[in-house]
Amino acid sequence: SGRGGPAPVERRPTVRVTWYLLDSGRLVESPAPAGWQAASLDPMSEIWLDIENPEPEQLRTLLAPLALHPLVLARCLMAKNIPGTLSSDSAVLLEFPAVLAAEDDDPTYLTLALRSGVLLTLRSASMPALDDLVRELTGDEAAVIEDLAQLMYLMLDHLADLPAALFRFTPPAGADVVEQK
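Since this is a predicted model, take the numbers as computed values, not measurements. (Residues numbered from 1 in each chain as written. Predicted model: local features only at pLDDT ≥ 70, side-chain atom pairs only at ≥ 80, totals over all residues. Heavy atoms only, no water.)

A.B. asks: Describe the packing of helix 3 (residues 128-138) against helix 4 (residues 148-160), with residues and values.
C.D. replies: For the pair helix 3 and helix 4, the least separation of the axes is 10 Å and the interaxial angle reads 130°. Our classification of the angle between helix 3 and helix 4 gives oblique. Note that helix 3 runs across helix 4; the crossing there is right-handed. Judged by residue contacts, Ala129, Leu130, Leu133 and Leu137 of helix 3 engage Leu151, Leu154, Met155, His158 and Leu159 from helix 4. Looking at the contact of helix 3 with helix 4 residue by residue, the class counts come to 8 nonpolar, 1 polar and no charged. (Axes fitted to C-alpha atoms, helices over the stretch in contact; angles between N-to-C directions. Helix = DSSP H or I, 4+ residues; strand = E, 2+ residues; numbered from the N terminus. Parallel < 35°, antiparallel > 145°, perpendicular 65-115°, else oblique. Left-handed = near helix turned anticlockwise from the far one by under 90°. Contact = heavy atoms within 4.5 Å. Nonpolar A, V, L, I, M, F, W, Y, C, P; charged D, E, K, R; others polar.)

Now the structure itself:
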């Protein structure tokens, strides 16, 4: 009869959570512990939680055991990403536009939060460049990683080395932008 069916439902990409353990200088993917609690971790262990397309309530549940500073937690849970840095007590948070999906005008954001024993990465969408780095860091020929701070700097360095054409970030209207001459 020429009528289309119901309007398509917009589906959000599936949340992906990957756990890594830094074990004797090697980054090893490991299964997510059931009902995990940060306090139950070995004080000498270091874990990396890599979360892609997080939903706020699921993220709140995953992050609760970390006892993050309320400002850091609030930034992790915000629906709108805001480039910037926060530092509180023994935690630091960096949030910045990283790589754009070719079909999307919104930047893909990477949020990094580092606190004692835990590195958290939140990706607002897929980041193939970061996936490439993970494969390199978990491969047989991977260099030794001393601690999570080194891992965070390796990520930042890797992203900084990407071709500038991948970064098409336009600041939001009204944002203070300082041009370098």
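A.B. asks: Give a description of the nonpolar core that names residues and reports values.
C.D. replies: Grouped together as the largest cluster of nonpolar side chains are 23 residues, with contacts concentrated most on Leu27, Trp48, Leu110, Leu112, Leu119, Leu151 and Met155. The set of elements that each furnish at least two residues to this core consists of strand 1 (16-23), strand 5 (91-100), strand 6 (107-115), helix 3 and helix 4. The next biggest cluster of nonpolar side chains, apart from the first, holds 17 residues, and it includes Leu59, Leu68, Val118 and Leu120. (Core = buried A, V, L, I, M, F, W, Y, C linked by side-chain atoms within 4.5 Å. Buried < 20%, exposed > 50% of the residue type's maximum accessible area, 1.4 Å probe, protein only.)

A.B. asks: Go over the packing of aromatic side chains, please, and point to the residues and values.
C.D. replies: Under the definition given, this model contains 1 aromatic pair. A centroid spacing of 4.5 Å and a plane angle of 20° characterise the contact between tyrosine 20 and tryptophan 48, whose relative ring orientation is stacked. Within this pair, whereas tyrosine 20 is found in strand 1, its partner tryptophan 48 is found in strand 3 (residues 46-52), the two being separated by 28 residues in sequence. (Phe/Tyr/Trp six-rings, centres within 6.5 Å; stacked < 30°, edge-to-face > 60°.)

A.B. asks: Tell me what's going on with the packing of helix 1 (residues 56-63) against helix 2 (residues 70-77), and back it up with residues and numbers.
C.D. replies: Packing of helix 1 against helix 2 brings their axes to within 10 Å, and their N-to-C directions diverge by 145°. Our pair here, helix 1 against helix 2, has a crossing hand that is right-handed. The residues of helix 2 that touch helix 1, namely those facing Pro56, Leu59, Arg60 and Leu63, are Leu73, Cys76 and Leu77. A per-class count over the contact of helix 1 with helix 2 returns 6 nonpolar, no polar and 1 charged.

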